[in-house]
Amino acid sequence: MNTKLWAVDKGDPIKYSYPQIMEAASLLKENEVVAFPTETVYGLGANALSDQAVLKIFEAKGRPSDNPLIVHISKMEQLTELVDNVNVPESAHQLMNAFWPGPLTLVLPKKEGVSQYVTAGLETLAIRMPDHAVARALIETSGLPLAAPSANLSGKPSPTTAQHVEEDLIHRIAGIVDGGATGVGLESTVVDCTTETPMILRPGGVTKEELERVVGNVDVDPALFSQEELHKPKSPGMKYTHYAPIAPVYLVEGSASFMEQTIKEARLKGRKVGVLATEETIGQIQTTEIIAISCGTQKDLATVASQLYDGLRAFNATEVDVIFSETFPRTGVGAAIMNRLEKAAGHKFIK
Ligand code: AMP
Ligand code: MG
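Quick look at the structure, then. From a predicted model like this one, the values you see are computed outputs, not experimental measurements. The residue count restarts for each chain, going from 1 along the sequence in the order it is written. Labels follow written order: the first chain is A, the first ligand is 1, and so on. Two thresholds apply to this predicted model, a pLDDT of at least 70 for residue-level local features and 80 or more for giving and counting side-chain atom pairs, whereas whole-chain, interface and lining totals are computed over all residues. Derived side-chain values reflect all non-hydrogen atoms in the structure, with water molecules and hydrogen atoms excluded from consideration.

What follows covers the site of ligand 1. Nearness is defined per residue: one heavy atom within 4 Å of the molecule or strand is enough. By nearness alone, 18 residues border ligand 1, and Arg 63, Asn 67, Arg 202, Ser 235 and Gly 237 come closest of all. Think of a polar contact as two N or O atoms within 3.5 Å of one another; within protein, one of them needs to be a possible hydrogen donor and the other a possible acceptor, and neighboring residues in sequence only count if both atoms come from side chains. At a separation of 3.0 Å, a nitrogen atom of ligand 1 approaches a polar side-chain atom of Thr 124. Contact between ligand 1 and Ser 150: an oxygen atom at 3.4 Å from a side-chain N or O atom of the residue. Areas reported as accessible are Shrake-Rupley estimates using a 1.4 Å probe. Residue values count occlusion only from the protein chains shown. The protein chains hide 94% of the 500 Å² of surface that ligand 1 would expose on its own. When residues of the shell around ligand 1 are traced back to their parent elements, those giving at least two are β6 (124-128) and β10 (199-202). Its residues assigned to classes, the shell around ligand 1 comprises 10 nonpolar, 5 polar and 3 charged. Starting at the N terminus, helices and strands are each numbered in turn, a helix being any DSSP run of H or I of at least four residues and a strand any DSSP run of E of at least two. Residue polarity follows a fixed list, in which Ala, Val, Leu, Ile, Met, Phe, Trp, Tyr, Cys and Pro are nonpolar, Asp, Glu, Lys and Arg are charged, and the others, Gly among them, are polar.

Below, the structure is given as structure tokens:
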């Protein structure tokens, strides 16, 4: 398949890139799949009302069919077409008012009409309103709610640039809308609003602390803290290994000098070592002949979130056979960063 590429203005795509947006929207209306930027990561969009279109997403990504998709909307009127409004709790409305448009996905009771493949047979639908002009222009111009998982091959780190999407999906999808690098860099926070107390199923761009300021107590799916298969996560996607580069990743918990010691031991065993760490840690490592990739600064974990996937992917262009990653405090956006790193590492720690 020939994959079309459109470079668009991310500030005001309707004004400056209308022909490109129109062409991408027409393909979506023809039930083709098109990748586009959001403020979290690049999404792989398709008409959420069409079985045929949604199945193409699963096929292009190699995504397991029991892993449901998030539907993206651009205005509140679309919500009533998709979810059973009578049963949407007050807490969900408060969260929408506070965080939409933005990196928050709400799981709500679904209405008929949405493709059964979007929800993987569940009675609930995950839905969000992205805060990115290009995503919103495509939803509005196509007039469709767009089902859109991250635009990567299943299991790989999510894409934060159009080049990452190309690496994984060129010739597998109809088009890629290039609106530059994404902002947050990690996927949305998924919150189940069908339970008495809202429950975080996947940590992400909106933190638990921020949610609690709006709705009071928020639970966290216990499966997120456990690596055992006993706990079945409520968010089906959380059970798969994810976000992983080719070489194995180990999470090194401790000071910069412990990182240095870990690197030296691996070098003695003849390993080609990659290090993913903040500029502070990299600045303290003296061992040479390693590939060190910086992922932001300890002073602002938002920089780590936005550079994490690019850093993980970058090792695939190197010869490293092991990757040591710094670890982070699990508060604020650190909770989402550590969730993704643990999955990339298959929960392997060096302490
Ligand atoms: P992705 O689209 O790749 O960002 O992944 C979407 C995430 O949302 C996955 O972890 C899914 O399992 C989760 N998800 C989507 N729909 C639902 C739902 N109805 N209930 C629970 N989790 C969901
Ligand atoms: Mg994904």
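Don't stop here, the text continues.
Let us now look at the environment of Glu 166. Note that Glu 166 resides in helix α7 (residues 162-169). Three labels apply to residues, based on accessible area from a 1.4 Å probe with only protein chains included: buried if under 20% of the type maximum, exposed if over 50%, partly exposed otherwise in between. A relative accessible area of 27% means that Glu 166 is categorised as partly exposed. When the C-alpha atoms of Glu 166 and Thr 278 are compared, they prove to be 27 Å apart, with 112 residues separating the residues in sequence. In this description, contact between two residues means that some pair of their heavy atoms is separated by no more than 4.5 Å. Apart from residues no more than four positions distant in its own chain, Glu 166 is found in contact with Leu 5 and Ile 176.

Once that is clear, we can look at the sheet that holds strand β4 (residues 70-72). We call two strands paired when DSSP finds no fewer than two bridges between them. One open sheet holds the 11 strands; their spatial order is β1-β8-β2-β3-β7-β4-β6-β5-β9-β10-β11, and the pairing between them is mixed. Single-partner strands in this sheet number two, and they are β1 (4-7) and β11 (219-220). Taken together, the 2 bridges between β10 and β11 define a ladder with parallel strand orientation. Looking across to β11, one finds that Ile 200 is bridged to Val 220.

By size, the foremost hydrophobic cluster in this structure holds 45 residues, and its most contacted members are Leu 106 and Leu 108. Per-element tally for this core: the top contributor is helix α3 (residues 51-61), with 5 residues. Apart from residues lying up to four places away in sequence, Leu 106 is in contact with Ala 92, Leu 95, Met 96, Trp 100, Leu 125, Ala 126, Ile 127, Val 191 and Cys 193. In plain words, nonpolar cores are sets of buried Ala, Val, Leu, Ile, Met, Phe, Trp, Tyr and Cys residues tied together by side-chain atoms within 4.5 Å. Tyr 243, Ala 247, Tyr 309 and Ile 323 belong to the second largest nonpolar core, which has 26 residues in total.

On to helix α2 (residues 18-29), then. Given 3.6 residues per turn, any residue in an α-helix points the same way as the ones three and four places further on. Given the number of residues in a helix, its expected span is that number minus one, multiplied by 1.5 Å. Compared with the 16 Å implied by 1.5 Å per residue over 12 residues, the 16 Å span of α2 between its first and last C-alpha is a close match. The set of residues buried in α2 consists of Ile 21, Ala 24, Ala 25, Leu 27 and Leu 28. Viewed end-on, α2 has its buried residues packed into an arc of 155°, placing them on one side of the element. With its phi angle positive at about 65°, Asn 31 sits one or two positions after the end of α2. Comment: arc refers to directions from the helix axis out to C-beta atoms.

This brings us to a nonpolar patch on the surface. Residues Ile 14, Tyr 18 and Met 22 make up a contiguous nonpolar surface patch of about 260 Å² in total accessible area. Among the secondary structure elements, Ile 14 is positioned in helix α1 (residues 13-16). Judged by relative accessible area, Ile 14 falls into the partly exposed class, the value being 38%. Think of a patch as exposed residues, more than 30% relative accessible area, with no salt bridge, where like charges cluster within 9 Å and nonpolar side chains (Val, Leu, Ile, Met, Phe, Trp, Tyr) cluster within 5 Å. The term salt bridge refers to a side-chain nitrogen of Lys or Arg lying within 4 Å of a carboxyl oxygen of Asp or Glu.

What follows concerns the pairing of strand β3 (residues 43-47). Consecutive side chains along a regular strand alternate between the two faces of the sheet. In terms of burial, β3 is largely enclosed, as 5 of its 5 residues are buried. Bridging between strand β2 (residues 34-36) and β3 involves 3 bridges; their strand directions are antiparallel. Bridged to Ala 35 within β3 is Leu 44. If you look at the hairpin formed by β2 and β3, you'll find 6 residues sitting between the two strands. Summarising the sheet, β3 and strand β7 (residues 146-147) pair through 2 bridges and their orientation is antiparallel. In the strand pairing of β7, Ala 46 is matched with Ala 147.

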